[in-house]
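Secondary and tertiary structure notes
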Amino acid sequence: MNIILVGLNHKTAPVEIREKFSFPEASIGTFLTQLVTSPLISEGLILSTCNRVEIYAITENAPECFDYLSRFIYENQKYHDNISFDQLTRHLYFYSSTDAVSHIFRVSSSLDSMVVGETQISGQIKEAFDYAMINKATGVILNKLFKKAISVAKRIRSQTKISENSVSVSYAAVGLAKKIFGDLTGKTVLLVGAGEMAELAARNLVNNGVKNVLVTNRNYQRAVELAREFNGISVKFDEIGVELAEADIVICSTGAPYYVINSDMVENAVGRRKNRPIFLVDISVPRNIDPKINTLGNVFLYDIDDLQAVVEANLKERQKEAEKAELIIAEEVETMDRWLKSLNVVPTIIAIREKVEAIRKSEVDKTISKWQRELSEEEVGAIENLSQNIINKILHFPLSALKAEAHLSGGSEVIETTRKLFDLAEEKQPSQDPEAPPAGTAESPEEPISRSRDSRENQ
Amino acid sequence: MEILLYKLPLLFYFAGTVVYLLFFSIKKDSLSNIALGVTGIGFLFHTFILILRTVESGHLPLSNLSGALSFFSWGMILTYLVLEYWYRIHILGSFILPLAFLSLLSAAAFPNEIRSLQPDLNSSWFGIHTTLTVLGAVAFTIAFVAGMMYLIQEKLLKSKRFNRLYYKLPSLDLLDHLNQWSISVGFPLLTLGILAGALWAGDVWGAYWVWDPQRIFTSVTWLFYLGMIHGRLTVGWRGRKAAYLAIIGFMGVVFTFFIVNLLVEGPHRFI
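Just so you know, these numbers come straight off a predicted model, no measurement behind them.

Helix and strand content of chain B: nine helices and zero strands. Shown N-terminal to C-terminal, the secondary structure of chain B runs as helices and strands in the order α-α-α-α-α-α-α-α-α. Looking at chain B as a whole, 50% of its 271 residues qualify as buried. Contacts in chain B between residues at least 24 apart in sequence constitute 77% of all its contacts with a sequence separation of at least 6. With an accessible surface of roughly 12,400 Å², chain B has 73% of that area assigned to carbon and sulfur atoms.

Next up on the list: the interface of chain B and chain A. Taken together, the 24 residues of chain B in the interface contact 30 residues of chain A. When chain B packs against chain A, the two sides together hide about 2,200 Å² of surface, and 48% of this comes from carbon and sulfur. In this structure, the salt-bridge partner of B:Lys160 is A:Asp306, at a minimum N-O distance of 3.1 Å. Where chain B meets chain A, there are 17 residue pairs in polar contact (both at pLDDT 80 or more). Looking at the side of chain B that touches chain A, the elements that each hand over two or more residues are α5 (124–159), α6 (164–168), α7 (172–205), α8 (213–235) and α9 (239–263) of chain B. Examining the composition of the side of chain B that touches chain A, we find that five residues originate from one element, α5(B), more than from any other. For the side of chain B that touches chain A, the class distribution of residues is ten nonpolar, five polar and nine charged.

All names here are of chain B. Domain boundaries in chain B define domain 1 (1–114) and domain 2 (117–271). Taken together, the contact pairs 29 residues of domain 1 with 29 residues of domain 2. Taken together, the two surfaces of domain 1 and domain 2 that pack against each other cover about 2,600 Å², and 86% of this comes from carbon and sulfur. Of all residues in domain 1, Leu65, Phe72 and Phe95 give up the largest surface area on contact with domain 2, accounting jointly for 21% of the area buried on that side. Residue assignment for the side of domain 1 that touches domain 2 shows that the elements contributing at least two residues are α1 (2–25), α3 (65–87) and α4 (91–109).

All names here are of chain A. Strand order in the open sheet formed by four strands is β2-β3-β1-β4, and the pairing between neighbours is antiparallel. Bordering the open sheet on either side are β2 (41–48) and β4 (93–96), each of which pairs with just one other strand. Neighbour-to-neighbour, the strand axes of this sheet turn through a mean angle of 15°, independent of strand direction. Where strand β1 (residues 2–9) and strand β3 (residues 52–59) come together, eight bridges link them in antiparallel fashion.

What follows deals with unusual backbone geometry. Located in the positive-phi region is A:Ser110, a residue other than glycine, with phi close to 70°. A relative accessible area of 1% means that A:Ser110 is categorised as buried.

The next subject is the pattern of salt bridges. All names here are of chain A. Counted by the stated rule, this structure contains 26 salt bridges over all chains. Ionic pairing is found between Arg203 and Glu199, a salt bridge with its closest N-O pair at 3.6 Å. Taken together, the residues Arg203 and Glu199, both in helix α9 (residues 196–207) and four residues apart, mark about one turn of the helix. With a relative accessible area of 33%, Arg203 lands in the partly exposed category.

In this structure, B:Tyr150 sits in helix α5. Here B:Tyr150 falls in the buried class, since its relative accessible area comes to 3%. In sequence terms B:Tyr150 and B:Leu172 are 22 residues apart; their C-alpha atoms lie 5.9 Å from each other. Setting aside anything within four residues of it in sequence, one finds B:Tyr150 in contact with A:Asn298, B:Leu172, B:Leu175, B:Asp176, B:Gly239, B:Arg240 and B:Ala243.

Turning our eyes to something else, we now look at the domain arrangement of chain A. Each assigned domain of chain A is listed with its residue range as follows: domain 1 (2–159), domain 2 (169–305) and domain 3 (345–421). On a C-alpha basis, the centres of domain 1 of chain A and domain 3 of chain A stand 43 Å from each other.

What follows concerns the side chain of A:Asp303. All names here are of chain A. Within the element layout of this structure, Asp303 appears in strand β10 (residues 299–303). Judged by relative accessible area, which is 15%, Asp303 ranks as buried. At 3.0 Å, the side chain of Asp303 forms a polar contact with the backbone nitrogen of Asp305. Setting aside anything within four residues of it in sequence, one finds Asp303 in contact with Asp282 and Arg287.

Ranked by internal contacts, the top residues of the largest apolar core, which has 99 residues, are A:Ile251 and A:Phe279. For this core, the element with the most residues is α5(B), which contributes 14 residues. Apart from the residues lying within four places of it in its own chain, the contact partners of A:Phe279 are A:Ala173, A:Leu176, A:Ala177, A:Ile180, A:Phe181, A:Asp248, A:Ile249, A:Val250, A:Phe300 and A:Tyr302. By size, the runner-up hydrophobic cluster in this structure holds 67 residues, among which are A:Met1, A:Ile73, A:Phe85 and A:Ile162.

Reading the values: rules and limits
- Counting restarts for each chain, with residues numbered from 1 along the sequence as it is written.
- Chain letters and ligand numbers both follow the written order, the letters beginning at A and the numbers at 1.
- This being a predicted model, a pLDDT of at least 70 is required before a residue's local features are given, and a value of 80 or more before pairs of side-chain atoms are given or counted; all residues contribute to the totals for chains, interfaces and linings.
- Side-chain calculation: all heavy atoms of the structure are included, whereas hydrogens and water are not.
- Per the convention used, a helix needs a DSSP run of H or I reaching at least four residues, while a strand needs a run of E reaching at least two, with both numbered from the N terminus.
- Type-normalised accessible area, obtained with a 1.4 Å probe on protein chains alone, sets the label of each residue: buried when under 20%, exposed when over 50%, and partly exposed for intermediate values.
- The contact criterion used throughout is that any non-hydrogen atoms of two residues lie within 4.5 Å.
- Here, Shrake-Rupley sampling with a 1.4 Å probe gives the accessible areas, and only protein chains in the shown set may cover a residue.
- By definition, the buried area sums, over both parts, the 1.4 Å-probe accessible area that each loses when the two are put together.
- A pairing counts as a salt bridge when a side-chain nitrogen of Lys or Arg comes within 4 Å of a carboxyl oxygen of Asp or Glu.
- Contacts described as polar in this section are N or O atom pairs within 3.5 Å, which, within protein, must combine one atom able to donate a hydrogen with one able to accept it, while residues neighboring in sequence count only if both atoms come from side chains.
- Each residue gets one label: Ala, Val, Leu, Ile, Met, Phe, Trp, Tyr, Cys and Pro are nonpolar, Asp, Glu, Lys and Arg are charged, and the others, such as Gly, are polar.
- In this entry, domain limits derive from an automatic or database-based domain assignment.
- Only strands joined by at least two bridges in the DSSP assignment are considered to pair.
- Angles here are taken between N-to-C directions and fall from 0 to 180 degrees, while the axes themselves are lines fitted to C-alpha atoms, restricted in helices to the stretch in contact.
- To define a nonpolar core, start from buried Ala, Val, Leu, Ile, Met, Phe, Trp, Tyr and Cys residues and group those joined through side-chain atoms within 4.5 Å.

Structural data, given as structure tokens:
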């Protein structure tokens, strides 16, 4: 029994490849049903987002299953003419056992995402998990794994600051505004010019509590339209000077080749604002706000490059947080691994008990049939009891040791040795491929744990 | 044994200061927890000692400069712990702990044996007067710290240097409010402290007001803070200006509390 996954993501495959192999959401149920019809697979799950396609499966035969899953992804290809199977496998990565567990935890907590710290992925995982459950593709192990993946993502978000600082330019303004105003509730923003980026920045501000939106534009009609969108007020373009005093935040993005907002206007506004700070963002190129005004007291001016610098600083900050997240993941992988190993030990214990019981029964039966005439019913009962007690007492120590050892590292070796000692068949193992992991082991050194053929070198 | 007990808060505040300064300069969030723990333990010892000395002498141990400094340090730590609980601004500790440690250190440098008050100074107004003025000084010190932090954060924002400190320092708005609140708590405390002092003087010497350097400097400080509050309410002295004013006001407090105390003869001379 082994957790494996085959997939490709934004690091191993360009978008031209990813788009060909993504699983459309509408038919994911059909694919799931088809996936788990294979006798190789006892549980399965498909995760398909714009940045990754991954199939998770529980199998007894990892090598064959790796091939099966690769084929499964290949056969889903749209526009069949394009890519050969070999071409596809170059973009695939293969993980099994703890590496697979670690991978899904890293994916769910966005460490594997294009933008570390983004929160969308954990929702997408939840969705993929829901689909798999609805289509009865998952079982005990994948259910546990994906619930855990979702909770690990939550834990990392709450225990690290991985998602705290924004990493998009339009959102960077919100972070800066918060460092100045603390809370943005009830603040007023003035949009000068009605560009797309300004609109996006304004929307982020409004979502963070900004209450009043003032819009001005050289083309007044456009200002009116945009103001309506925000439930705001449109202002005449030549009244900017007056309105500046009302605005806590100013976002400027006109196409004008000169300074629309100059030093005098801002100095005047700050005076009328009784020194309440004013935060100006100039995202226009060429710049529309005189850079000199940053030297004024209680005035904070940022241009597009400054915002870019914020984004870079935030990314670095997230990277540091990601290191903390990796530690949490290592810890959680171990917990999960311990649980998986405890699953492995149960069939072995049952097999040992069955085997010993069979021996006892045949020996006792032999003896009884030999002495049948001389033995009273009571004596037969006594022999049964005696033999039962002896095997219970003898088995007690190895079985409790086995239960305890199975959780530790090297537990799989202990289980394997035990199976050899009791001459138990490698049951539930369809083929005796020497490369295949022995049944009931989660990990063995010879096994190609991540046969990431050359995908990682291609990054 | 008793000597050792008195040194314990000093020791813990020193450790707290070191860890908070480490937290200030390197990226390791867990340091703030250690610093907080150490400071908390020091504070418990400190509180215990203050209670012990109060029981021993029958009044708050504020009858000498050492006692006043120790109480000031205690008030700083208490305020810090409350602010930390409310706002979780760990970096505040990097500013407050060194100050609290230094004042407790200087408290240890001055003689701190319990003296019974000279009979002519003993009045119920005494305890009220000293407690209120020391707590007022605590509030003004917090305003000073908030002002310092404001100026640093403002400089980082203006120069667009988004370094570790930028992330650790809270928003300008919060720092400005902290400044404002501290002054609006400190000012009434100082006012009532001065009134209690006048009543005490009236009780003891029969005159509510005497011209002596400490009283004059205290009045100047009081007027300065009054002007500062007035300025904020009417013409909007906030932000950078308020930060500078809080720093200047704090200088006045230190001058009055320390220098005048040590250099000038008069009833406020503790030692």
